[in-house]
Amino acid sequence: MNIQLTKAQLQAFLALVAAVVLVSIAPIVVTGLMGKVVPDGLIAVSDKTVTGLIGVLGTLVGVMWQSRPKGVEPSGTPADPISTKDVNP
């Protein structure tokens, strides 16, 4: 995988997370800090959005954790740091 592609994917993912958090927390901020009245339904949707985002992020981290490389097979050469052969026989 290309490093630039991975960096672009990370930036896109972080932008998406920031946008969802900003939109979902906005009604709570308006109610709490500004003292304005916001419909209860909007606050309920905001709460569900944050809860769903946490669930999606947890699932994504779990999938990434399981798809990581499990280990490397030793090549058997003395230069290999995990070699199974002795350097000085």
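What you see is a predicted model, and the numbers here were worked out from it, not measured in a lab.

Caption draft 1: Just the overall build of the chain, in detail. The number of helices and strands found in the chain is two helices and zero strands. For the chain, the exposed surface amounts to about 7,400 Å²; the carbon and sulfur share of it is 70%.

Caption draft 2: The arrangement of a nonpolar patch on the surface in detail. A cluster of nonpolar residues, Val-21, Ile-25, Ile-28, Val-29, Leu-33 and Met-34, forms a patch on the protein surface that exposes about 550 Å² of accessible area. Mapped onto the elements, Ile-28 comes out in helix H1 (residues 3-34).

Caption draft 3: Examining the environment of Val-50 more closely. With respect to the element layout, Val-50 can be found in helix H2 (residues 40-67). When its relative accessible area of 27% is taken as the criterion, Val-50 is described as partly exposed. Filtering out sequence-adjacent residues up to four positions away, Val-50 remains in contact with Ser-24 and Ile-25.

Caption draft 4: Local environment of the environment of Thr-49. With respect to the helices and strands, Thr-49 occurs in helix H2. Judged by relative accessible area, Thr-49 falls into the partly exposed class, the value being 29%. Between the C-alpha atom of Thr-49 and that of Val-23, which follows or precedes it by 26 residues, the distance is 9.1 Å. Discounting residues that sit within four places of it in the chain, Thr-49 has contacts with Val-20 and Ser-24.

The rules behind the values
Residues numbered from 1 in each chain as written. Predicted model: local features only at pLDDT ≥ 70, side-chain atom pairs only at ≥ 80, totals over all residues. Heavy atoms only, no water. Helix = DSSP H or I, 4+ residues; strand = E, 2+ residues; numbered from the N terminus. Areas by Shrake-Rupley, 256 points an atom, 1.4 Å probe, with all protein chains shown as cover. Patch = residues over 30% accessible without salt bridge, like charges linked within 9 Å, V, L, I, M, F, W, Y side chains within 5 Å. Salt bridge = Lys/Arg side-chain N within 4 Å of Asp/Glu carboxyl O. Buried < 20%, exposed > 50% of the residue type's maximum accessible area, 1.4 Å probe, protein only. Contact = heavy atoms within 4.5 Å.

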